[in-house]
Amino acid sequence: EADYDHFYESPSDERIGFWLQELRTPELLVECAERFPSAAETAAARRPAVRVALDGDAREVERLLADEQALEMARDRAWWEPLRRELEAFRRERWRRPR
């Protein structure tokens, strides 16, 4: 959001693509999609929330953003799980050793 505000007046094409991929506020994503419809059409192929933002439906965008967040959290948990198991095994082994 800060980046969007800071570069609002004269964004580069790369920055517009970044916003369309990363904005997490429904109203800002809708606004960005409306301001840059051509870039939004391209981004919509990769991000359903942008597709809905093009229609101006902030409520549905909010739901899709929540789905994105839940998916990222699930991926994050899956990525960390093997490390958690390894650390737990290390901790248990450490307490088993004589001191």
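Quick look at the structure, then. (Residues numbered from 1 in each chain as written. Predicted model: local features only at pLDDT ≥ 70, side-chain atom pairs only at ≥ 80, totals over all residues. Heavy atoms only, no water.)

## Looking at the nonpolar core
If you look at the biggest cluster of nonpolar residues, it comprises 21 residues, and the most contacted ones within it are Trp19, Leu20, Leu23, Leu29, Cys32, Val50 and Val61. When residues of this core are assigned to their parent elements, the largest contribution, five residues, is made by helix H3 (residues 26-35). With near-sequence residues (within four places) excluded, valine 61 lies in contact with Pro26, Leu29, Val30, Ala49, Val52 and Ala53. (Core = buried A, V, L, I, M, F, W, Y, C linked by side-chain atoms within 4.5 Å. Buried < 20%, exposed > 50% of the residue type's maximum accessible area, 1.4 Å probe, protein only. Helix = DSSP H or I, 4+ residues; strand = E, 2+ residues; numbered from the N terminus. Contact = heavy atoms within 4.5 Å.)

## Things to note about helix H6 (residues 58-96)
Its 39 residues give H6 an end-to-end C-alpha distance of 55 Å, which sits within 8% of 57 Å, the value for a rise of 1.5 Å per residue. The sharpest bend along H6 measures roughly 35° and falls at tryptophan 80, with the proline proline 82 sitting one to four residues further on. Buried positions along H6 lie against H3 and helix H5 (48-54). (Expected span 1.5 Å × (residues − 1). Bend = angle between axes of the 7 residues up to and from the residue.)

## Quick word on the packing of aromatic side chains
Here the structure, examined in full by the defined rule, presents four aromatic pairs. Arranged with centres 6.4 Å apart and planes meeting at 45°, the rings of tryptophan 19 and phenylalanine 36 form a pair that is tilted. Note that tryptophan 19 is positioned in helix H2 (residues 13-22) and phenylalanine 36 in the loop between H3 and helix H4 (37-44), a separation of 17 residues in sequence. Where tryptophan 79 meets tryptophan 80, the ring centres are 4.7 Å apart and the plane angle is 80°; that geometry is what we call edge-to-face. In textbook terms, an aromatic cluster arises when at least three aromatic residues are bridged by ring pairs, as seen for Tyr4, Tyr8, Trp19 and Phe36. Positioned above the aromatic ring of phenylalanine 7, the side-chain terminus of arginine 15 is 3.6 Å from the ring centre. The lysine or arginine in question, arginine 35, covers the ring of tyrosine 8, its NZ or CZ lying 3.7 Å from the ring centre. (Phe/Tyr/Trp six-rings, centres within 6.5 Å; stacked < 30°, edge-to-face > 60°. Lys NZ or Arg CZ within 6 Å of the ring centre and 35° of its normal.)

Without other data, these values stay purely geometric and don't point to any function.
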